[in-house]
Amino acid sequence: MVLHHTDSGVICIGQTAHAWVSGQLARHWGNAQFARPEPFGDVCLGAEQHDVGMAEWDLRPELDPATGFPRSFMAMPLETHLELWSRAPGKVLTQSPYAALLVSMHGRALYQGRPGDPARRFVAEQTAVQEALMENLGEPRERAQHNQSLVSALDFLSLAPLMGWAPDGIGAPVRPGAPHTTLDVQPAGALAVTVDPWPFDAERLALGYPGRRLDAPADSQEALDDALRNAAWTTVTAHWHRP
C-alpha cells in the first residue's frame, strides 16, 4: 500500500495500481537511445504484475496503530513481505511464464543480500524457480537479467513521484549488450519528475493511480476495514517529462 497524503486526507493506492503504472511506462519505453522491451508483451506484463503478490493484502491492509491508516509497504514486517512475495510468481504463471520469471527475479533482487535465514531461504527458493523457468523457456540468462533490470527501473520510476524519491538516480538498461546507464530523476513540481536521459517514446507522460480516499484515521482494524469498503475512489495523476 502506498499512502498519498493530501490536504483533505490520505489516498490509499494499492501496490498493484502502482505496478500498473510501471507497466504503462514499460509500453512507452524505447526511442533512438533505448531499446524497446523484448519480448514486448511479456516484459510489459511482468512490469504490470511485479507486485501481484500484494493484491489480496491491499484489499484488506493491516492497520498501522501509530497513524490510524493502513500500514504502508515501507512499514510491513519482513516476514509478511516474504510470505506475499513467495506466492507472487505463481499468480501470473499461467498467464505468462516469462512474466512469472520477471516477477520472481524482481522479488529476489529486492531481498538479495538481506541478512537472516528467512531472506536467504526466499532468495534460494526463487533462484530455483528462475532456473527451472529459464531452462523450460530456453531463455538466455543475459536477456532475462537485462529485462529484470528494466522492471526494477520502472518500479522506481513509477514510485518516485508518489514517494518524493527525487532527486535520485536509478540504473537502467539501454540496449542488449550495452552498459547500463543511470537515469537522473529530479523533482519538477507536485507529482512530477524529469528523467535524464529520457527513455520513453513520448515527450511527456501523465498516468493515473486509482486509490481510495480516507478522510480520517481509524481506531481499530474493523473501523479501517469499514472505511475502506465505503471509501470514494479517486485517481492521483503523476507526470514524467524531459528536463
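Residues numbered from 1 in each chain as written. Predicted model: local features only at pLDDT ≥ 70, side-chain atom pairs only at ≥ 80, totals over all residues. Heavy atoms only, no water.

Engineer: Teacher, can you tell me more about the pattern of salt bridges here?
Structural biologist: Pairs can form between side chains of opposite charge once their charged atoms are near each other. Within the structure shown, the criterion is met by eleven salt bridges. Across the salt bridge formed by Arg120 and Asp117, the nearest N and O atoms sit 2.8 Å from each other. Highlighted residues: Arg120 and Asp117, both in helix α6 (residues 117-137), separated by three residues, approximately one helical turn. For Asp117, a relative accessible area of 45% gives the class partly exposed. When the shortest N-O distance is used, the salt bridge between Arg143 and Glu139 registers 2.7 Å. Judged by its relative accessible area of 31%, Arg143 falls in the partly exposed class. (Salt bridge = Lys/Arg side-chain N within 4 Å of Asp/Glu carboxyl O. Helix = DSSP H or I, 4+ residues; strand = E, 2+ residues; numbered from the N terminus. Buried < 20%, exposed > 50% of the residue type's maximum accessible area, 1.4 Å probe, protein only.)

Engineer: I'm lost on the packing of helix α4 (residues 78-92) against α6 in this one. Help?
Structural biologist: Any two packed helices are characterised by the angle at which their axes cross and by the distance between the axes. One way to put it is that α4 packs onto α6 with a least axis distance of 11 Å and a crossing angle of 0 degrees. In terms of axis orientation, α4 runs roughly parallel to α6. Two secondary-structure elements touch here, α4 through Leu82, Trp85, Ser86 and Pro89 and α6 through Pro118, Ala119, Phe122 and Gln126. For the contact of α4 with α6, a count of residues per class yields six nonpolar, two polar and no charged. (Axes fitted to C-alpha atoms, helices over the stretch in contact; angles between N-to-C directions. Parallel < 35°, antiparallel > 145°, perpendicular 65-115°, else oblique. Contact = heavy atoms within 4.5 Å. Nonpolar A, V, L, I, M, F, W, Y, C, P; charged D, E, K, R; others polar.)

Engineer: In this structure, what is going on with the pairing of strand β1 (residues 2-6)? I would like to understand it.
Structural biologist: Within a regular beta strand, the side chains point alternately toward one face of the sheet and then the other, so they alternate between its two faces. With five bridges connecting them, β1 and strand β2 (residues 9-13) associate as antiparallel partners. In the strand pairing of β2, His5 is matched with Val10. Hairpin connection from β1 to β2: two residues lie between these consecutive antiparallel strands. (Pairing = 2+ DSSP bridges.)

Engineer: Looking at this structure, how should I read the nonpolar core?
Structural biologist: A general feature of soluble globular proteins is that nonpolar side chains tend to end up buried together. Core analysis: the biggest nonpolar cluster contains 63 residues, and Ile13, Leu25, Trp29, Leu157, Leu183 and Trp240 have the highest contact counts within it. At ten residues, the largest contribution of residues to this core is made by helix α7 (residues 141-163). Discounting chain neighbours no more than four positions away, the residues touching Leu183 are Trp29, Phe34, Leu157, Asp168, Gly169, Ile170, Ala172, Val195, Asp196, Pro197 and Pro199. Membership of the second largest hydrophobic core comes to eleven residues, among which are Leu3, Cys12, Ala218 and Leu224. (Core = buried A, V, L, I, M, F, W, Y, C linked by side-chain atoms within 4.5 Å.)

Engineer: Help me out: how do you make sense of the packing of helix α5 (residues 97-111) against α6 in this one?
Structural biologist: Orientation of α5 relative to α6, taken along the N-to-C sense of each, is 155 degrees, at an axis distance of 9 Å. When the interaxial angle is binned, α5 and α6 end up roughly antiparallel. Between α5 and α6 the crossing geometry is left-handed. Here α5 contributes Pro97, Tyr98, Ala100, Leu101, Ser104, Met105, Gly107, Arg108 and Tyr111 to the contact with α6, which in turn contributes Ala119, Phe122, Val123, Gln126, Thr127, Val129, Gln130, Leu133, Met134 and Leu137. Considered class by class, the residues forming the contact of α5 with α6 number 13 nonpolar, five polar and one charged. (Left-handed = near helix turned anticlockwise from the far one by under 90°.)

Engineer: I would appreciate a short explanation of the side chain of Gln130 in the present structure.
Structural biologist: Summarising the element assignment, Gln130 is placed in helix α6. On the accessibility criterion, Gln130 (1% relative accessible area) is buried. Reaching out from Gln130, the side chain makes a polar contact with the side chain of Ser104 at a distance of 2.8 Å. Every residue in contact with Gln130, bar those within four places of it in the chain, is listed here: Leu101, Ser104, Met105 and Arg108. (Polar contact = N/O pair within 3.5 Å; in protein donor to acceptor, adjacent residues only side chain to side chain.)

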